[in-house]
Amino acid sequence: MPAHILIADDEDRIRQLVRLYLTKEGFTVDEAEDGQSALEQLAETPYDLVILDLMLPEVDGWTICQEIRKRGTTPVIMLSARNEEYDRILGFQLGADDYVGKPFSPRELVFRVKSLLRRAQPAQRAPVSEPVAPVVTGEGDLVIDEAAALARVNGKELPLTPKEYALLTLMLRRPGHLFTREALLEQVWGYDFTGGRRTVDSHVKNLREKLAAAGATTQIETAWGMGYRLVVAK
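Just so we're clear, the structure is a prediction, and the values are computed from it rather than from any experiment. Every chain's residues receive numbers from 1 upward, in the order its sequence appears when written. This being a predicted model, a pLDDT of at least 70 is required before a residue's local features are given, and a value of 80 or more before pairs of side-chain atoms are given or counted; all residues contribute to the totals for chains, interfaces and linings. Hydrogens are left out, water is left out, and the side-chain values use all remaining heavy atoms of the structure.

### Focus on a negative patch on the surface
- Only residues whose relative accessible area exceeds 30% and that form no salt bridge are eligible for patches; like-charged ones are grouped when within 9 Å, while nonpolar side chains (Val, Leu, Ile, Met, Phe, Trp, Tyr) are grouped when within 5 Å. Shrake-Rupley sampling with a 1.4 Å probe provides the accessible areas, and residues are treated as covered by the protein chains on show and by no other component. When a carboxyl oxygen of Asp or Glu is within 4 Å of a side-chain nitrogen of Lys or Arg, the pair counts as a salt bridge. His is not counted, nor are the chain ends, whereas Lys and Arg count as positive and Asp and Glu as negative. We put the charge of a Lys on NZ, of an Arg on CZ, of an Asp on CG and of a Glu on CD. Residues D10, E33, E40, E44 and E58 make up a contiguous surface patch of negative charge.
- Strands are runs of DSSP state E lasting at least 2 residues, helices are runs of H or I lasting at least 4, and numbering of each runs from the N terminus. By the secondary structure assignment, E58 is in the loop between β3 (49-53) and α3 (61-71).

Below, the structure is given as structure tokens:
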């Protein structure tokens, strides 16, 4: 089934342009011209990804992103003409997976959509005749099942966004290893990512809160001025 995407933007030209490029790639696209319509559609339809303008009338994009995160881990790409560092950081703190400034390249947006969807989708099940053992990595009470694209603490699933999952998986593969912010940006967001190092800080902050809420002994430790490492608390 093609991925089902919602584009919420009050500019007709933007919605039509994004729809044109996404439908050419085989995606199913719905539109919302204001925040209230977006919330109503989100309540009715389980979208695979949401492209969300910040400055929507009636209900702004900040509020909608928070509502999406309360309900689950649907990938969110924020669109905004407000491209200052503060706005990007706030977007990531509220749970956005990517942030694209206006004006933008439609081809680049499609690339980012595909990248997020790949990270969000669990690995497809192999045919019964060709069983594949799940790739399971653990440290302390934290376990990541890469075959199912799930992270669990003491058997309970962690509600992670695609970028949070990718970040945690990378660090769990090398427990105790010191990752610089630059290395995390390159390996999780890609070389062409236009955000700054504070993006990593925002996602680490969210991960710490979720690990703590789940009672995990495995935590992310800060090496001041250097980066982050995953450790099991003593």
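### Details of the environment of L20
- Positionally, L20 belongs in helix α1 (residues 12-24).
- Judged by its relative accessible area of 41%, L20 falls in the partly exposed class.
- Remark: the alpha-carbon pair of L20 and P106, spanning 86 residues in sequence, is separated by 9.3 Å. Burial classes: relative accessible area under 20% of the type maximum marks a residue as buried, over 50% as exposed, and values in between as partly exposed (1.4 Å probe, protein chains only).

### Comments concerning the pattern of salt bridges
- Summed over all chains, the structure comprises 16 salt bridges.
- The residue R181 makes a salt bridge to D201 at a minimum N-O spacing of 2.7 Å. Taken together, the residues R181 in helix α7 (residues 181-189) and D201 in helix α8 (residues 198-213) connect sequence positions 20 residues apart.
- Residue classification places R181 among the buried residues on the basis of a relative accessible area of 14%.
- Of the charged contacts in the structure, one is a salt bridge between E209 and K205, with a shortest N-O distance of 2.9 Å. In this pair, E209 and K205 both sit in helix α8, four residues apart, roughly one turn of the helix.
- For K205, a relative accessible area of 41% gives the class partly exposed.

### Description of the nonpolar core
- By nonpolar core we mean a set of buried residues, namely Ala, Val, Leu, Ile, Met, Phe, Trp, Tyr and Cys, connected to one another through side-chain atoms within 4.5 Å. Within the largest apolar cluster, 27 residues are counted, with the highest numbers of intra-cluster contacts made by L142, L158, L168, M171, L184 and I220.
- Looking at this core, the elements that each hand over two or more residues are β7 (142-145), β8 (150-153), α6 (162-173), α7, α8 and β12 (227-232).
- With seven residues, α6 is the largest single contributor of residues to this core.
- In contact with L158, other than residues within four places in its own chain, are L142, A151, R152, V153, L168, K210, L211 and A214. Contacts are assigned to residue pairs with any non-hydrogen atoms lying within 4.5 Å of each other.

### Things to note about the pairing of strand β2 (residues 28-32)
- When strand β1 (residues 4-8) meets β2, the two strands line up parallel, connected through five bridges. Each residue of the ladder has a partner; that of I5, found in β2, is V29.
- Each parallel crossover has a hand, and for β1 linked through α1 to β2 it is right-handed. Pairing between two strands is assigned when DSSP locates at least 2 bridges connecting them. Seen with its strands pointing away from the viewer, a crossover is right-handed when the path leading from the first strand over the helix to the second is clockwise.

### As for the side chain of N206
- Mapped onto the elements, N206 comes out in helix α8.
- The contacts of N206, once residues within four sequence positions are left out, are F92, Q93 and E164.

### Describing the packing of α1 against helix α5 (residues 106-120)
- A fitted line through C-alpha atoms represents every axis, and for helices the fit uses only the stretch in contact; the resulting angles, taken between N-to-C directions, go from 0 to 180 degrees. Between α1 and α5, whose axes approach to 10 Å, the crossing angle comes to 60°. Taken together, the axes of α1 and α5 are oblique relative to one another. Where α1 crosses over α5, the two elements pack in a sense that is right-handed. Residue-level inspection shows L17, V18, Y21 and L22 of α1 in contact with α5, the latter providing P106, R107, L109, V110 and V113. Should an angle fall under 35 degrees it is taken as roughly parallel, and over 145 as roughly antiparallel, whereas 65 to 115 is taken as roughly perpendicular and any remaining angle as oblique. By definition, any crossing whose near helix is turned counterclockwise from its far helix by less than a right angle is left-handed, and any crossing with a clockwise turn is right-handed.

### Structural notes on the sheet that holds strand β4 (residues 76-80)
- Across the sheet, five strands lie side by side as β2-β1-β3-β4-β5; this open sheet has parallel pairing. Two strands close off the open sheet at either side, each with one partner strand: β2 and β5 (98-101). Across the sheet, the mean angle separating the axes of adjacent strands is 20° when strand polarity is ignored.
- Where β1 lies against β3, four bridges are found, and the strand directions are parallel. Bridge assignment links I7 to a residue of β3, and that residue is I51.

### Considering unusual backbone geometry
- With an omega of -5°, the peptide bond between K102 and P103 qualifies as cis.
- Mapped onto the fold, P103 is located in the loop between β5 and α5.
- Of note in this structure, E58 is not a glycine but carries a positive phi near 75°.
- Accessibility expressed as a relative area gives 64% for E58, which makes it exposed.
- Residues other than glycine seldom take positive phi values, yet N154 does so here, at roughly 50°.
- Mapped onto the secondary structure, N154 falls in the loop between β8 and β9 (156-157).

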